[in-house]
Amino acid sequence: MSKIPVYFMPGLAASPTIFENIKLPEDQFEMHFLEWFLPNDKESIESYALRMTEQIQDENPVLVGVSFGGVLVQEMAKQMKVRKVIIISSVKSNTEFPQRFKVAKTTKAYKLIPTQLLADIEKLVKYAFGDNIVAKRLKLYEKYLSVRDKKYLDWAIETILCWKQKEVNESVIHVHGDADEVFPIKNIEKCIVVKGGTHIMIINKFKWLNENLPKLILND
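Quick summary incoming for the structure in this document. These numbers come from a predicted model, not from an experiment.

Taken as a whole, the second largest pocket spans an internal volume of roughly 450 Å³. If you go around the second largest pocket, you meet 19 residues; those closest to its centre are Lys 42, Glu 43, Trp 155, Glu 158 and Thr 159. Where the lining of the second largest pocket is concerned, the elements lending two or more residues are helix H1 (45-53) and helix H6 (150-161). Looking at the lining of the second largest pocket, the element that brings in the most residues is H6, giving five residues.

Right under this line is the structure:
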């Protein structure tokens with residue numbers, strides 16, 4: 001029996017190292033890792049997603065996306081045939097955004113973010129997660145948030161806030177932590193809830209994911 005190809009897309013500014021603890025049975029699955037590349041000027045998410053699909057070498061793959069990567073794999077699935085789409089710590093439509101995202105979009109406050117300063121990992125983390133970030137977690141982000149190009153950050157922040165998808169695709173499998181501080185669970189509909197899972201549960205709840213991802217992929 002041929003192995004099922006599974007492609008993993010990290011979150012905003014993150015590298016594939018966030019998946020370093022994710023292990024799927026090697027006799028059943030073949031794991032591949034996608035990486036962010038620089039967007040073209042004023043590139044739409046549809047165009048970017050189409051370019052990302054060119055990185056996929058297999059037919060009918062499973063796409064797994066974390067956070068903003070979850071948004072991107074949903075856009076990719078509109079442009080290619082996929083076996084399954086699984087999103088983790090993400091959203092299925094802009095109706096699941098927290099209020100602060102909606103306010104930032106309406107006021108265009110995101111245009112005031114000094115993204116050239118966000119190359120400083122501490123400022124990037126504090127912007128995303130607030131000032132109460134602990135030193136231990138900051139070290140994690142230093143390791144995993146490696147895409148710090150200003151052009152990419154400008155594009156990524158505007159693209160996520162302005163995502164137009166209003167309708168939820170019922171076929172998308174959504175795994176979400178009940179302690180997610182970026183996309184609070186109260187705004188999320190129809191998801192598999194991971195108790196104690198935060199926005200970085202791909203890193204610190206990897207045992208749950210290793211146990212359950214194979215079942216989610218194989219179950220019809």
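There's more to say after this.
With respect to the helices and strands, the residue Ser 67 is situated in the loop between strand E3 (62-66) and helix H2 (68-77). Owing to a relative accessible area of 11%, Ser 67 belongs among the buried residues under this scheme. Beyond its immediate sequence surroundings of up to four residues, Ser 67 is in contact with Gly 11, Ile 88, Ser 89, Ser 90, Phe 183 and His 199.

As a further point, take the environment of Gln 55. Inspection of the secondary structure assignment puts Gln 55 in the loop between H1 and E3. Residue Gln 55 is classed as partly exposed on the basis of its relative accessible area, which comes to 44%. Contacts of Gln 55, omitting those with residues within four sequence positions, involve Tyr 7, Leu 34 and Phe 37.

Our focus in this paragraph is unusual backbone geometry. One non-glycine residue with positive phi stands out, namely Asn 60, at about 55°. Structurally, the position occupied by Asn 60 is in the loop between H1 and E3. The class for Asn 60 is partly exposed, based on a relative accessible area of 33%. One non-glycine residue, Ser 89, adopts positive backbone phi at about 55°. Looking at the element boundaries, Ser 89 is found in the loop between strand E4 (84-88) and helix H3 (99-107). Owing to a relative accessible area of 0%, Ser 89 belongs among the buried residues under this scheme.

Before going further, it helps to examine the environment of Ser 146. Relative to the helices and strands, Ser 146 is located in the loop between helix H5 (135-144) and H6. Ser 146 sits in the partly exposed class, given a relative accessible area of 44%. Ser 146 sits 134 residues away from Leu 12 along the chain, and the two C-alpha atoms are 9.8 Å apart. Once residues within four sequence positions are removed from consideration, Ser 146 is found in contact with Ala 13 and Ser 15.

Turning to H2, a few remarks are in order. Extensive coverage of H2 is indicated by the burial of nine of its ten residues. Taken together, the buried positions of H2 are occupied by Phe 68, Gly 69, Gly 70, Val 71, Leu 72, Val 73, Gln 74, Glu 75 and Met 76. Looking at the buried positions of H2, the neighbouring elements they touch are strand E1 (4-9), H1, E3, E4 and H6.

It is worth spelling out the environment of Gly 177 at this point. Considering the arrangement of structural elements, one finds Gly 177 in strand E5 (residues 173-177). A sequence separation of 19 residues divides Gly 177 from Gly 196, and the C-alpha atoms of the two residues are 6.2 Å apart. Ignoring anything within four residues of it in the chain, the contact list for Gly 177 reads Ile 185, Val 194, Gly 197 and Met 201.

Scoring rules and cut-offs
- Residues numbered from 1 in each chain as written.
- Predicted model: local features only at pLDDT ≥ 70, side-chain atom pairs only at ≥ 80, totals over all residues.
- Heavy atoms only, no water.
- 1 Å grid on protein atoms, 1.4 Å probe; cavity = no way out; pocket = protein on both sides within 12 Å on 5 of 7 lines; lining within 4 Å.
- Points joined across faces, edges and corners; volume = space filled by probe spheres on them.
- Helix = DSSP H or I, 4+ residues; strand = E, 2+ residues; numbered from the N terminus.
- Buried < 20%, exposed > 50% of the residue type's maximum accessible area, 1.4 Å probe, protein only.
- Contact = heavy atoms within 4.5 Å.

Everything listed is a geometric property; what it means functionally is a separate question.
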